[in-house]
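# Survey of secondary and tertiary structure
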Amino acid sequence: MTKPDIAPPPLRNDCFALPAGVNWTPVEDALSLLRDRLTVVAGVETVPLAQATGRILAQEVIAQRSNPPQPNTAVDGYGFAGAAPDGPQVMPLHPGRAAAGIPFDGLVPAGHALRVLTGAALPAGVDTVILEEDVTVQDGHIAFHGPLKRGANTRKAGEDVAEGDAVLPAGRRLTPADLALLSATGLAEVPVRKVLRVAVLSTGDELVEPGESAGPGQIYDANRPMLLSLLERMGFEAVDMDRVPDDREALRTCLNQAAERTDVILTSGGASAGDEDHVSALLRQAGAMQEWRIALKPGRPLALGMWDGTPVFGLPGNPVAALVCTLIFARPALGLMAGEGWLEPQGFDLPAAFEKRKKPGRREYLRARMRDGRVEVFASEGSGRISGLSWAEGLVEIEDGARHIQPGDLVRFIPYGSFGL
Ligand code: AMP
Ligand code: MG
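Per-chain numbering applies: the sequence of each chain, read as written, is numbered from 1 onward. Written order decides the labels, with chains lettered from A and ligands numbered from 1. This being a predicted model, a pLDDT of at least 70 is required before a residue's local features are given, and a value of 80 or more before pairs of side-chain atoms are given or counted; all residues contribute to the totals for chains, interfaces and linings. To obtain the side-chain values, all non-hydrogen atoms of the structure were used and water was disregarded.

Here a residue is considered near a molecule or strand provided that any single heavy atom belonging to it is located within 4 Å of it. In the region of ligand 1, 14 residues are neighbours, and Glu206, Asp221, Ala222, Gly270 and Gly317 sit closest. Under this definition, polar contacts are N or O atom pairs within 3.5 Å; protein pairs additionally need one hydrogen-donor-capable and one acceptor-capable atom, and for neighbouring residues in sequence, both atoms have to be side-chain atoms. Residue Gly270 places a main-chain N or O atom 2.8 Å away from an oxygen atom belonging to ligand 1. Counting from the N terminus, the helices are the DSSP runs of H or I reaching at least four residues and the strands are the DSSP runs of E reaching at least two. Looking at the shell around ligand 1, the elements that each hand over two or more residues are strand 14 (197–203) and strand 16 (219–220). Classifying every residue of the shell around ligand 1 by side-chain character gives five nonpolar, seven polar and two charged. Throughout this entry, Asp, Glu, Lys and Arg are counted as charged residues, while Ala, Val, Leu, Ile, Met, Phe, Trp, Tyr, Cys and Pro are counted as nonpolar. The remaining residues, Gly among them, count as polar.

Okay, here's the thing in structure tokens:
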């Protein structure tokens, strides 16, 4: 067979363009845009404390009661009035005792001591406590060595929190420790944001469901289980909208349903400008599409659009890029819409256990983990390497400029935990 005489494409007009990435939207600009344009969409409801873990406070919370509510003893021992001077002290023991929840309601006479147990309200005539271990009790008296300062071993009313103080700010995602604080300061229920509902759908003719048989050319849908569980971990309600083939009408129907049921939509795949990139095509048709060419590796195409009033994050199809874009862009954006405010992930500067040369123009995120105080990165940077996502325990963030990292140089490590995972 004779080969047809087809010329290869001529040199491209942009063959002298800057290296890829240089004139793309820097990550910081993309983040600022999201931060400026998005607002809280979640409503408000009141929930009992027992159901409030992980929920986001809709208002600042004010202490209804001081903690501690009254002065009390921090130890088991003997209480009396005033400082004890240097040297041996002997005091008559007053009859009775004060225990947590069972106050002593008489007056302890000056110069006398009363048996007190941890947490007991200080009775009238007591402002100082000597530790039981430092005392000898004999013949109705106690003996110990001074000096002891006035107020020793006691807690003042409100020394932790005073009634009327603001205890937690609006936007706080409540932790188990917060529930202790709220309960201690007299709150039984709190105003919180309704949980943000986030739709997840995968696009691609090649995708099959785990458990189904996969033919040649087919792959199991890896993004959807990952994204659904990521969202749950981050404290959002993940709504599974299934897989959609590369078919514009099927995708339109799915987006319509998702927009009706949820506050935000995450899609994966089909977000670039190719023949089968229907997410970007549909959003463009709807006239509400911003295709962000973000100077980011991995994960350049991030399609952002509005579908029937609902924001859509068109994530890249490659699982590594889908995860990175979710952590870096979607998470703070979702947090903002959920009422949590804009969240900056906390990173740590740690010595690198690797070498890497990086060109300028793009910010990079490497799959990484910490071992023996140093940061290791996954052997391959390929954005389809799902095993590396699972191997990693966080990301290394390398700034937009050029960098030659050598072992021992400090690099920024952001543990997955800093993204709420
Ligand atoms: P796309 O962005 O649709 O061009 O997809 C980019 C790459 O990611 C292709 O190799 C897809 O097969 C792959 N991909 C897309 N969606 C998924 C998914 N849900 N799970 C695993 N791989 C995917
Ligand atoms: Mg695709």
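Counting through the fold element by element, Asp178 comes out in helix 2 (residues 176–184). In terms of polar contacts, Asp178 uses its side chain to reach the side chain of Arg172, at 2.7 Å.

Before going further, it helps to examine unusual backbone geometry. A cis amide bond links Gly146 with the next residue in sequence, Pro147, at an omega value of 5°. For Pro147, the position within the fold is in strand 10 (residues 141–148). Here the bond from Lys297 into Pro298 is cis, since omega is 0°, no more than 30 degrees from zero. Of note, Pro298 is situated in the loop between strand 19 (289–297) and strand 20 (301–307).

Between N-to-C directions, angles cover 0 to 180 degrees, with each direction set by a line fitted to C-alpha atoms, over the stretch in contact for helices. Between helix 1 (residues 27–37) and helix 6 (residues 319–338), the least distance of the axes is 10 Å, while the angle of their chain directions is 20°. Between helix 1 and helix 6, the angle is such that the two are roughly parallel. You can see that helix 1 and helix 6 cross each other, and the crossing is right-handed. Taking contact as the criterion, the partners of Val27, Ala30, Leu31, Leu34 and Arg35 in helix 1 are, on helix 6, Ile328, Phe329, Pro332, Ala333 and Leu336. Classifying every residue of the contact of helix 1 with helix 6 by side-chain character gives nine nonpolar, no polar and one charged. Just so you know how the angles are binned, under 35 degrees is roughly parallel, over 145 roughly antiparallel, 65 to 115 roughly perpendicular, and the rest oblique. Rotating anticlockwise by less than a right angle from the far helix to the near helix defines a left-handed crossing, while the corresponding clockwise rotation defines a right-handed one. By definition, residues are in contact when any of their heavy atoms lie within 4.5 Å.

Salt bridges are defined as contacts in which a side-chain nitrogen from Lys or Arg sits within 4 Å of a carboxyl oxygen from Asp or Glu. One pass over the structure, following the stated rule, counts 24 salt bridges. Arg363 is paired through a salt bridge with Glu28; the nearest N and O atoms lie 3.0 Å apart. Of this pair, Arg363 sits in strand 24 (residues 363–371) while Glu28 sits in helix 1, placing them 335 residues apart in sequence. With a relative accessible area of 9%, Arg363 lands in the buried category. Because the salt bridges share partners, they merge into one network encompassing Glu209, Glu212, Asp221, Arg224, Asp240, Asp242 and Arg243. Each residue is assigned to one of three classes by its accessible area relative to the maximum for its type, calculated with a 1.4 Å probe on protein chains only: buried under 20%, partly exposed between the two thresholds, exposed over 50%.

Take the residue count of a helix, subtract one, and multiply by 1.5 Å to get its expected span. In a regular helix each residue adds 1.5 Å, so 14 residues correspond to 20 Å; helix 4 (residues 248–261) covers 20 Å between its end C-alpha atoms and thus fits that length. Here helix 4 has its buried residues at Leu251, Cys254, Leu255, Ala258 and Ala259. The arc that holds the buried residues of helix 4, viewed along the axis, is 135°, so those residues lie on one side. On its buried face, helix 4 is in contact with strand 14, strand 17 (237–244), strand 18 (264–268), helix 5 (278–285), strand 20 and strand 21 (310–315). For helix 4, the N-terminal cap is Asp247; the gap from its side-chain oxygen to the backbone nitrogen of Glu249 is 3.1 Å. In this description, the arc belongs to the directions extending from the helix axis to the C-beta atoms.

Here we come to a negative patch on the surface. Patches were defined on residues exceeding 30% relative accessible area and lacking a salt bridge, with like-charge contacts within 9 Å and nonpolar side-chain contacts (Val, Leu, Ile, Met, Phe, Trp, Tyr) within 5 Å. The protein chains shown are the only cover counted for residues, whose accessible areas, like all others here, come from Shrake-Rupley with a 1.4 Å probe. Residues scored as charged are limited to Lys and Arg (positive) and Asp and Glu (negative), so that His and the chain ends carry no count. Throughout, a charge is located at the NZ atom of Lys, the CZ atom of Arg, the CG atom of Asp or the CD atom of Glu. On the surface, Asp205, Glu206, Asp247, Asp275 and Glu276 cluster together to form a negatively charged patch. Structurally, Asp205 is set in the loop between strand 14 and strand 15 (207–208). Residue class for Asp205 comes out partly exposed when judged on its relative accessible area of 48%.

Attention now goes to the packing of helix 3 (residues 223–233) against helix 6. Working note: a packed helix pair is described by the angle between its axes plus the distance between those axes. One can describe the packing of helix 3 onto helix 6 by two numbers: an axis separation of 11 Å at closest approach and a directional angle of 25°. The angle between helix 3 and helix 6 places the two elements in the roughly parallel class. Relative to helix 6, helix 3 is oriented so that their crossing is right-handed. Contacts between helix 3 and helix 6 pair Asn223, Met226, Leu227, Leu230 and Leu231 from the former with Pro319, Ala322, Leu323, Thr326, Leu327 and Leu334 from the latter. Its residues placed into classes, the contact of helix 3 with helix 6 shows nine nonpolar, two polar and no charged.

Secondary-structure assignment places Gly347 in the loop between helix 6 and strand 22 (348–351). Spatially, the C-alpha atoms of Gly347 and Val41 are 28 Å apart, while their sequence positions differ by 306 residues.

Unfilled space is identified by rolling a water-sized probe across the atoms. Think of a 1 Å grid over the protein atoms and nothing else: a 1.4 Å probe that fits but is trapped marks a cavity, an open set flanked by protein within 12 Å on at least five of seven lines marks a pocket, and residues with an atom within 4 Å of a point count as lining. Grid points are joined across faces, edges and corners, and a volume is the space filled by probe spheres set on the points. Overall, the coordinates contain three cavities of 30 Å³ or more when judged by the stated rule. Empty space within the largest cavity amounts to approximately 90 Å³. In terms of lining residues, the largest cavity is bounded by Lys297, Pro298, Val320, Glu364, Tyr365, Leu366, Arg367, Val377, Phe378, Ser380 and Glu381. Among the elements that take part in the lining of the largest cavity, strand 24 stands out by supplying four residues, more than any other. Here the lining of the largest cavity is built from residues that sort into six nonpolar, one polar and four charged.

Approximately 350 Å³ is the volume attributed to the largest pocket. Counted by class, the lining of the largest pocket contains 11 nonpolar, three polar and one charged residues.

Attention shifts here to the packing of aromatic side chains. A ring pair, where both rings are aromatic, is described by two values, the distance of the centres and the angle of the planes. Only the six-membered ring of Trp is used, alongside the rings of Phe and Tyr, when aromatic pairs are assigned; centres must lie within 6.5 Å, and planes under 30 degrees apart are stacked while those over 60 apart are edge-to-face, with the rest tilted. One pass over the full model with this rule turns up two aromatic pairs. Summarising the aromatic geometry, the rings of Phe80 and Phe144 are spaced 5.6 Å apart at their centres and angled 20° between planes, so their arrangement reads as stacked. Here Phe80, found in strand 5 (residues 77–80), pairs with Phe144, found in strand 10; they are 64 residues apart in sequence, far enough to count as distant. On the basis of an interplanar angle of 50° and a centroid distance of 5.5 Å, the ring pair of Phe378 and Trp391 is categorised as tilted.

Below, the discussion takes up the domain arrangement of the chain. Segmentation of the chain into domains, including their bounds, is taken from an automatic or database domain assignment. Domain annotation of the chain identifies domain 1 (24–43 + 194–338), domain 2 (46–62 + 166–193), domain 3 (72–155) and domain 4 (348–419). Summarising the inter-unit geometry, the C-alpha centres of domain 3 and domain 4 are found 58 Å apart.

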